[in-house]
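# Fold and contact review
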Amino acid sequence: MLRWAHRTAEHRWPPRHRATSSAQGRADRRWPVRMWCVVRSVLALALIAALPAAAAGQVSIATFNPSQDTFVAGRGKPSRGKGPYLLVGKRYRSFLKFDLSPIPESLFVREAKLRLFLAGQGRRQDTISVSAHEVTEEWEESGMTVLNAPAGQLMEESVTELDGKVGWDFVEWDLTELVQLWIASPQTNYGVMLQASGQRLRFASREGLYPVPHLLVVLEPSGDDDPLGGVPGPVGPTGQTGPTGVTGPAGPTGAIGATGPTGSTGPTGAAGATGPTGATGATGSTGPSGPSGATGATGPGGATGPAGATGVTGPTGPSGSAGAVGATGPTGPMGPTGPAGADGADGATGPAGPTGLTGPVGADGATGPTGPAGADGATGPTGPAGA
């Protein structure tokens, strides 16, 4: 499934910067924005090219830039169809139109989001409500004023509440049902109108330097085309915005265009008057002799003469010398082994070997039994009496 990762508040881009009077500083700030717009446009074309894959049963996401966008002011001034901003507010309304013809009618719109980049506002407010309405009449961005601006449906298609302090971020509106109607009935696609009752909001237009408006459409096969006949699941959450890639190298210089066709030849001018005949010139010298003519073709060959008589047989030649002796033939195979001979007589007995070493002393034997007790000795004499 293809995904579109929008920029969150933590990854706002382009970043806020200090004002400067340097033209180089302004160019340095605008260059990343231009590069981002180019990359985003390439991704949009790749997503549109992937639309046929949706017919095979998988969800696809396509991004469309507006084919026209402009705004009108309440004072009757002409629209700014080529300006860098779209203004929405108390006295301003903006109009956008998208060409959805690449989407087959057989696809089902699971979700459609209109996304505009908010580049600033006239005055900080608490809350701002911006509503999107279906346009019901044809219009052109050039020459539109508040007097000839097309009508729109009174009931809004989507309303987005903005924090009055928000800025430099994307704002989106849900146009799922309206986009499905446009795909089913392309003749009703007159675009969408944005309006608000609060102070002026300034969004980036398709001609500006900031990210241009785009319509993000999630597509899938309709129920009739789905072989499983299942109910579509909810759209998953938007993934985290990846890091900003490095600026790619400048592309190669395009090829020189083909030379235009040669213009048609102009008409022939009128013939001038014949001039007077000039005087006869002197006779020139004789020129050199011309080259010799080519050799003539060879005449046909004469007839073959009769065969001559057979000659006399010559004498027999001498015998040749004897040939050289031939090479010695290869050695024959080895004969079979003869029978074994008789056993020989026994040899004489050899001398006795030396006496071996004395073995180790054996362990002590067990202690014998205790002998009988001896007879009591004689009683000693009695000692002297004490003093």
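Note that this is a predicted model, so its numbers are computed, not measured.

Counting its regular elements, the chain contains 2 helices and 11 strands. Listing the helices and strands of the chain from first to last along the sequence gives α-β-β-β-β-β-β-β-β-α-β-β-β. Across the 387 residues that make up the chain, the buried fraction comes to 29%. Taking the contacts inside the chain whose residues are at least 6 apart along the sequence as the reference set, 81% of them involve residues at least 24 apart.

With that out of the way, let us pick up the nonpolar core. Ranked by size, the top nonpolar core spans 34 residues in total, and within it L100, L114, W173, V179, F203, L215 and V217 carry the most contacts. Looking at which element gives the most residues to this core, the answer is strand β5 (residues 107-121), with 6 residues. Not counting the four nearest positions on each side in its chain, L114 is found in contact with F98, V171, E172, W173, L175, V192, L194, H214 and L215. In this structure, V135, M144, A149 and M193 belong to the second largest nonpolar core, which totals 7 residues.

The full count for this structure, using the stated rule, is 8 salt bridges. Note that D69 is salt-bridged to R206, the shortest N-O span being 3.3 Å. Residue D69 is found in strand β2 (residues 68-73), and its partner R206 is found in the loop between β10 (201-204) and β11 (214-221); the two are separated by 137 residues along the sequence. Residue classification places D69 among the buried residues on the basis of a relative accessible area of 0%. Between R206 and E207 there is a salt bridge, with its nearest N and O atoms 3.2 Å apart. Here the residues in one salt-bridge network are D69, K82, E141, R206 and E207, joined through shared partners.

To continue, consider the sheet that holds strand β4 (residues 92-97). The strand order β2-β4-β9-β6-β7 describes an open sheet built from 5 strands, whose pairing is antiparallel. Two strands lie at the open edges of the sheet, namely β2 and β7 (158-163), each paired on one side alone. If you compare each strand with its neighbour and ignore which way they point, the axes differ by 20° on average.

Quick notes on the rules
- Residues numbered from 1 in each chain as written.
- Predicted model: local features only at pLDDT ≥ 70, side-chain atom pairs only at ≥ 80, totals over all residues.
- Heavy atoms only, no water.
- Helix = DSSP H or I, 4+ residues; strand = E, 2+ residues; numbered from the N terminus.
- Buried < 20%, exposed > 50% of the residue type's maximum accessible area, 1.4 Å probe, protein only.
- Contact = heavy atoms within 4.5 Å.
- Core = buried A, V, L, I, M, F, W, Y, C linked by side-chain atoms within 4.5 Å.
- Salt bridge = Lys/Arg side-chain N within 4 Å of Asp/Glu carboxyl O.
- Pairing = 2+ DSSP bridges.
- Axes fitted to C-alpha atoms, helices over the stretch in contact; angles between N-to-C directions.

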